[in-house]
Amino acid sequence: MKLYVIGIGPGGADQMTPRARAAIEASDIIAGYTTYIDLVRPLIGDREILQTPMKQEIDRCTRARDAALTGKTVAMICSGDAGVYGMAGLMHEVCADYPELDIEVVPGITAACAGAAVLGAPLIHDFAVISLSDLLTPWEKIEKRLDLAAQADFCICLYNPSSKKRADYLQKACDIMLKSKSADTPCGYVQNIGRDGECGTVCTLAELRDTSVDMFTTVFVGNSQTRVIGGKLVTPRGYENK
């Protein structure tokens, strides 16, 4: 009994790994969030689909598990990497009492890596990835993570920076980081990574604070060494100092 948890990358077929494609093709049933199903629909063919909207992750994983227990090979697909804000962890949790299931996590290109490539090389040195969504994490804890990561001079990649209900969360996050980071810290953001309309923008932390973004945007905040070279964000690793 086989259950794949597959990271399909940021969206474009050219950024899906051959291993992910092969796992989908080897599966009888494809499970996933509706938007992600649409991204790989050309690969699904006439396979059975199990899809649910947002906020039904437990139900989605449970249905995939139950289908696999009938002997079907099931692929649970996730945007980006299945182990970065994806379904890999939850799938292992809901399958904890079913050791007969063979769970294989297939990694994918996450937004941090794909977005960084668009902007240049902002994540060359140590960095932190923080989601601004407080659906599963209390905002007070998110604030602490932002504050400490900024104090430690990490480059910071922000997932889920804004939504209709959280329109001012990126501004709040910037205000926290501005306590430890300079207002002219090089930053950037990428919209629609790996999909139609992909667009990267370089700015300062002060400019980022007053920028409106959406859930399809990934934000990058540099450290004290990050600079703009040829219009691209670059964080030195320190090779020239050896």
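This text goes with the structure placed above it.
I will try to describe carefully the structure that is included in this document. (Residues numbered from 1 in each chain as written. Predicted model: local features only at pLDDT ≥ 70, side-chain atom pairs only at ≥ 80, totals over all residues. Heavy atoms only, no water.)

### Overview of the sheet that holds strand β6 (residues 120-121)
Moving on, step 1. A sheet is described by the order of its strands in space; here three strands give the open sequence β6-β13-β12, paired in mixed fashion. Looking at the sheet topology across the chains shown, the edges are occupied by β6 and β12 (227-229).
Moving on, step 2. Of the pairings in the sheet, the one linking β12 to strand β13 (residues 232-234) comprises three bridges and is antiparallel in character. Bridging across to β13, Val228 finds its partner in Leu233. (Pairing = 2+ DSSP bridges. Helix = DSSP H or I, 4+ residues; strand = E, 2+ residues; numbered from the N terminus.)

### Structural notes on the packing of aromatic side chains
Moving on, step 1. Summed over all chains, the structure comprises three aromatic pairs.
Moving on, step 2. Note on Tyr33 and Tyr36: the rings are 5.0 Å apart at their centroids and 85 degrees apart in plane angle, and the pair reads as edge-to-face.
Moving on, step 3. For Tyr33, a relative accessible area of 17% gives the class buried.
Moving on, step 4. For Tyr36, a relative accessible area of 23% corresponds to the partly exposed category.
Moving on, step 5. Pairing Tyr85 with Tyr159 gives two aromatic rings, centres 5.0 Å apart and planes at 50 degrees, and the pair type is tilted. Residue Tyr85 is located in the loop between β4 (74-78) and α5 (88-94), and its partner Tyr159 is located in strand β8 (residues 155-159); the two are separated by 74 residues in the primary sequence. (Phe/Tyr/Trp six-rings, centres within 6.5 Å; stacked < 30°, edge-to-face > 60°. Buried < 20%, exposed > 50% of the residue type's maximum accessible area, 1.4 Å probe, protein only.)

### What to know about the layout of surface pockets
Moving on, step 1. The volume enclosed by the largest pocket comes to roughly 1,600 Å³.
Moving on, step 2. Taken together, 45 residues make up the lining of the largest pocket; nearest its centre are Tyr36, Met54, Tyr85, Asn160 and Met215.
Moving on, step 3. For the lining of the largest pocket, the element with the most residues is strand β7 (residues 127-131), which contributes three residues.
Moving on, step 4. A per-class count over the lining of the largest pocket returns 21 nonpolar, 14 polar and ten charged. (1 Å grid on protein atoms, 1.4 Å probe; cavity = no way out; pocket = protein on both sides within 12 Å on 5 of 7 lines; lining within 4 Å. Points joined across faces, edges and corners; volume = space filled by probe spheres on them. Nonpolar A, V, L, I, M, F, W, Y, C, P; charged D, E, K, R; others polar.)

Structural measurements only, silent on function.
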